[in-house]
Structure formats: C-alpha cells, structure tokens
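Fold and geometry: a report
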Amino acid sequence: MNDSFPPDIQRSIQQSLQEIASQMGQPLDEIAAERLYRDAGILLDGIRCEPLTLARLAGTLLVYQMQNTEPEELEWFKSQVQQCSSDEEVEELIESINRTDAL
C-alpha cells in the first residue's frame, strides 16, 4: 500500500473526506474515512503519486459510496484504476468519469 505520505497528510485527507460527506448530508466517521483512504492507497499500490491524486481517488470512492453506485460499476472503476501505470493516468480516469457524469 502507498504509505509514503506523512501522518499529517493522511489525517488531512481523511478529515477532508469527513467534511465532504457532511456537506453531502451523510456524515462519515473516522473509521470509514480511514477505510476510504486505505482503499485508495491499495488501488494506487505501485504507482508513485502526489497526495492530491490519492485524495481525489479517495473522494471519488466516497462519492461512489454515497450515491449507492451499483457494485459492478464500482468494481469496473477500481479495475480501471489498477490498470493505470502513473498518477497522470489515474487523474485522467477520474476526469473522464466526471465528464461522463455531467452528461
């Protein structure tokens, strides 16, 4: 897993996830925020990335969770992330998902 970020960055990302969830009307406890952070880190395992990429991926997973996305769609997204070889590819994938949702 991608544990290369200092604990303060990890906490900051997890707190941001909790704030986003609260703004969406579905509060998230610390354990759930840690799990999202960990899940994003696992998906990015082996990819050198910036904290922002990890945060964006965790946020995307949060939105999928809060929107009660079909399990098949979530698994598809996760498999696409695992096929990425760089943080740029992950960012492009997240952007493409956002563009599709806007349509």
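To be clear, the structure that these remarks concern was listed above.
Residues numbered from 1 in each chain as written. Predicted model: local features only at pLDDT ≥ 70, side-chain atom pairs only at ≥ 80, totals over all residues. Heavy atoms only, no water.

The next point concerns the side chain of glutamine 18. With respect to the helices, strands and loops of the structure, glutamine 18 is situated in helix α1 (residues 7-23). At 3.1 Å, the side chain of glutamine 18 forms a polar contact with the backbone oxygen of leucine 28. (Helix = DSSP H or I, 4+ residues; strand = E, 2+ residues; numbered from the N terminus. Polar contact = N/O pair within 3.5 Å; in protein donor to acceptor, adjacent residues only side chain to side chain.)

If the charged atoms of two oppositely charged side chains come close together, the side chains can form a pair. Tallied over the full model, the rule gives 2 salt bridges. For glutamate 91, the salt bridge identified is with arginine 56, shortest N-O distance 2.1 Å. Of this pair, glutamate 91 sits in helix α5 (residues 87-102) while arginine 56 sits in helix α3 (residues 51-66), and the two are 35 residues apart along the sequence. Since its relative accessible area comes to 18%, glutamate 91 is described here as buried. For arginine 56, the salt bridge identified is with glutamate 95, shortest N-O distance 2.5 Å. (Salt bridge = Lys/Arg side-chain N within 4 Å of Asp/Glu carboxyl O. Buried < 20%, exposed > 50% of the residue type's maximum accessible area, 1.4 Å probe, protein only.)

In this fold, glutamate 75 is placed in helix α4 (residues 71-82). Under the relative-accessibility criterion, glutamate 75 is labelled partly exposed at 47%.

Let's shift gears to α1. Under the 1.5 Å per step criterion, the end-to-end length of α1 is 24 Å for 17 residues, consistent within 8% with the ideal 24 Å. Taken as a whole, α1 has its buried residues at Gln10, Ile13, Gln14, Leu17, Gln18 and Ala21. Here the buried residues of α1 occupy an arc of 140° about the axis, which is enough to place them on one side. Exposed side of α1, more than 90 degrees from the buried face: Glu19 and Gln23 are the residues found there. Tucked inside the fold, the buried residues of α1 contact α2 (30-43) and α3. Within two residues after α1, glycine 25 carries a phi angle of roughly 80°, on the positive side. (Expected span 1.5 Å × (residues − 1). Arc of directions from axis to C-beta. Contact = heavy atoms within 4.5 Å.)

All we've got here are geometric facts, nothing functional implied.
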